Amino acid sequence: MTTLNPSVGAAQSRILGIGTYRPERIVPNSELVEAIDSSDEWIQQRSGIKERRFAGPEETVQMMSVAASRQALERAGIDAAQIDCVVVATVSHMLQTPAIATAIAHELGTDKAPAFDISAACAGFCHGLALGSDMVRAGSAKHVLVIGVERLTDITSLNDRGTAFIFADGAGAAVIGPSEEVGIGPVVWGSDGEQYDLIRQDEDWRDVLVQEKPTMPHLIMQGAAVFRWASFAMAKIAEATLDKAGITVDDLDVFVPHQANMRIIDAMARSMKLPAHVQIARDIAEQGNTSAASIPLALGRMIDEGTAKSGDTALLIAFGAGLAYAAQVVVLP
Ligand SMILES: CC(C)(COP(=O)(O)OP(=O)(O)OC[C@H]1O[C@@H](n2cnc3c(N)ncnc32)[C@H](O)[C@@H]1OP(=O)(O)O)[C@@H](O)C(=O)NCCC(=O)NCCS
């Protein structure tokens, strides 16, 4: 039998740098309430959101991704030409094909790096992190750029009471590279397709296009059911992730759950009995829910503000449409 060369990777992987891009325009609750017969008070009480960022016409999925990636590369001390793979997690790149990742890889100046998109909604960034970490350890890449990016305003109806005040735009990126020590712990991930319909695009494109006056499909959500699933099932996944990494809540410095709703964040923290010293990401108040971008944006803010620092142990957990989820413990760059 012919013997083939093995693929040889690094002993371990870690995050080398994180970058973010927040759109310029800040949209307070007061701008949205009239169309959905709501109030600033109701929105803050039910979701914890005070304001969010909406992308302008120039702030495309590609533009925001490139900006976040450049910052991540700079902070990682890595040149774009050293990137061996670009993974973009998004549900709001509006071309069915090709993937936006190849255009981003080109604009950044990678050396024709392999590049592809993944669709795991709000869980996308943590899926990308798992893939990137495995690639580095398996030897298919030395440095992987993982991007979470959304322009959810393109697929959100500002007249939908259940979603208009929740979804927003932005991008975050992480450079993953080789490490001697474990910098990205084992992933715990999965899906619950029985609840496939809880968060979804309202209509199939083919049904939209035969309508007399076609309008853009938008996201719809069964909020209360998602809320229950996220608050209870995801706290258990978070605990399983700590177990798999071989640590307990006492070893954690930072907790970065998907920024879906402040009440979900609080419910998870209570259920996990997080000690008082654990810093909890609360980017949702100023940023809304940016789906695949939410984890890197929230982590980026904590690093920038000094509530999370290099060497800290952080639990990341992302969950959303699908229903899909992924979580891992990481050491911060
Ligand atoms: C969307 C969400 C904030 C709604 O909160 P809720 O407490 O479940 O609200 P409900 O839909 O049960 O409605 C409660 C009441 O508020 C009203 N209401 C609904 N939307 C409203 C709005 N935007 N403004 C004011 N009132 C509203 C309803 O009519 C209802 O009134 P009633 O009691 O008189 O019938 C909440 O379900 C949620 O955050 N879910 C999870 C969302 C999430 O995490 N999504 C992302 C996952 S990736």
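Predicted model only: the values in this text are computed from it and were never measured. (Residues numbered from 1 in each chain as written. Predicted model: local features only at pLDDT ≥ 70, side-chain atom pairs only at ≥ 80, totals over all residues. Heavy atoms only, no water.)

1. Digging into the site of the ligand
In plain terms, the rule: Proximity is defined per residue: any heavy atom of the residue falling within 4 Å of a molecule or strand makes that residue near it. For the purposes of these results, a polar contact is taken to be a pair of N or O atoms within 3.5 Å, where, inside protein, one atom must be able to donate a hydrogen and its partner to accept one; residues adjacent in sequence count only when each atom of the pair is a side-chain atom. Accessible surface is estimated by sampling points in the Shrake-Rupley manner with a 1.4 Å probe; for residues, cover comes only from the protein chains shown. Residues are grouped as follows: Ala, Val, Leu, Ile, Met, Phe, Trp, Tyr, Cys and Pro are nonpolar; Asp, Glu, Lys and Arg are charged; every other residue, Gly included, is polar. The start and end points of each domain follow an automatic or database-based domain assignment.
Near the ligand lie 23 residues; those nearest to it are Ser38, Arg46, Arg161, Gly223 and Asn261. At a separation of 2.6 Å, a nitrogen atom of the ligand approaches a polar side-chain atom of Ser38. Between Arg46 and the ligand, the recorded distance is 2.5 Å, taken from a side-chain N or O atom to an oxygen atom. Calculation on the ligand without its partners gives an accessible area of 950 Å², and the protein chains cover 69% of this total. When the residues that make up the shell around the ligand are grouped by side-chain class, the tally is 13 nonpolar, 7 polar and 3 charged. Two domains each put at least three residues into the shell around the ligand: domain 1 (12-179) and domain 2 (188-331).

2. Focus on the pairing of strand S4 (residues 85-89)
To be explicit about the condition: Think of it in three bands: with a 1.4 Å probe and only protein chains considered, a residue is buried below 20% of the maximum accessible area for its type, exposed above 50%, and partly exposed in between. A run of H or I in DSSP counts as a helix once it spans at least four residues, and a run of E counts as a strand once it spans at least two, with each numbered from the N terminus. When DSSP finds two or more bridges between a pair of strands, those strands are recorded as paired.
Within S4, 5 of the 5 residues are buried, which leaves it mostly tucked inside the rest of the structure. Here S4 runs beside strand S6 (residues 144-151); their pairing, made up of 5 bridges, is parallel. Residue Val88 lies in a different strand from S6, and its bridge partner there is Ile147. Relative to strand S5 (residues 115-118), S4 runs parallel, the two being bridged by 4 bridges. Paired with Val87 across the bridge in S5 is Phe116.

3. Section: the UniProt feature "domain: Beta-ketoacyl-[acyl-carrier-protein] synthase III N-terminal" (unreviewed entry) in the protein chain
The condition is simple: UniProt positions are given in the numbering used here, feature names are shortened, and annotations may be inferred rather than shown by experiment.
UniProt marks residues 116-193 with the feature "domain: Beta-ketoacyl-[acyl-carrier-protein] synthase III N-terminal" (unreviewed entry), using the numbering shown here. Annotated as residues 116-193, this span is 19% helix and 33% strand, and its ends, taken at the C-alpha atoms, are 24 Å apart.

4. Some words on a nonpolar patch on the surface
What counts is decided by this rule: Every patch collects residues that have over 30% relative accessible area and no salt bridge, joining them within 9 Å if they carry like charges and within 5 Å if they are nonpolar side chains (Val, Leu, Ile, Met, Phe, Trp, Tyr). Should a side-chain nitrogen of Lys or Arg be within 4 Å of a carboxyl oxygen of Asp or Glu, the pair is scored as a salt bridge.
A surface patch of nonpolar side chains, amounting to about 380 Å² of accessible area, comprises Met94, Trp205, Leu209 and Met216. Looking at the secondary structure, you find Met94 in the loop between S4 and helix H3 (100-108).

5. Let's talk about the layout of surface pockets
Cut-off, in case you're wondering: The distinction between a cavity and a pocket rests on a 1 Å grid over the protein atoms alone: a 1.4 Å probe fits inside a cavity but cannot get out, while a pocket stays open yet meets protein on both sides within 12 Å along at least five of seven lines, and a residue with an atom within 4 Å of a point counts as lining. Grid points are joined across faces, edges and corners, and a volume is the space filled by probe spheres set on the points.
If you add up the space inside the largest pocket, you get close to 990 Å³. In terms of lining, the largest pocket is formed by 30 residues, of which the most central are Thr90, Val91, Ser119, Ile155 and Gln201. Broken down by secondary-structure element, the contributors of at least two residues to the lining of the largest pocket are S5 and strand S9 (199-201). Ranked by residues supplied to the lining of the largest pocket, first place goes to S9 with 3 residues.

6. Topic: the sheet that holds S5
Rule in force here: Convention adopted: a line fitted to C-alpha atoms gives each axis, helices being fitted over their contacting stretch, and angles between N-to-C directions are expressed from 0 to 180 degrees. Throughout, a contact is declared for two residues whenever any of their heavy atoms are within 4.5 Å.
Read across the open sheet, the 5 strands follow the order S1-S7-S6-S4-S5; overall the sheet is mixed. Looking at the sheet topology across the chains shown, the edges are occupied by strand S1 (12-21) and S5. For this sheet, the mean inter-axis angle between neighbouring strands, taken without regard to orientation, is 20 degrees. Here H3 sits on the sheet and contacts S4, S5 and S6; the angle it forms with S5, its principal contact strand, is near 135 degrees.

7. Quick look at the UniProt feature "active site" (unreviewed entry) in the protein chain
Here the UniProt feature "active site" (unreviewed entry) sits at Cys122, His258 and Asn289. Sequence-wise these annotated residues cover 168 residues; spatially they are packed, their C-alpha atoms never more than 8.7 Å apart. Lining the largest pocket, from the set of annotated residues above, are Cys122. Mapped onto the fold, His258 is located in the loop between strand S11 (254-257) and helix H7 (262-271). What makes His258 buried here is its relative accessible area of 1%. His258 has contacts with Cys122, Ile265, Asn289, Ser291, Ser294, Ile295, Ile317, Ala318 and Phe319, leaving out every residue within four places of it along the chain. At 3.4 Å, the side chain of His258 forms a polar contact with the side chain of Asn289. By secondary structure assignment, the location of Asn289 is in the loop between helix H8 (284-287) and helix H9 (294-305). Asn289 gets classed as buried once you look at its relative accessible area, which sits at 5%. The residues contacting Asn289, other than those within four sequence positions of it, are Cys122, Leu152, Ile166, Phe167, Ala168, His258, Gln259, Ala260 and Ile284.

8. Side note on the environment of His143
Inspection of the secondary structure assignment puts His143 in the loop between helix H4 (124-138) and S6. With relative accessibility at 7%, the residue His143 sits in the buried group. With 112 residues separating them in the primary sequence, His143 and Phe255 have C-alpha atoms 25 Å apart. Of the polar contacts made by the side chain of His143, one reaches the backbone oxygen of Gln82; its length is 3.4 Å.

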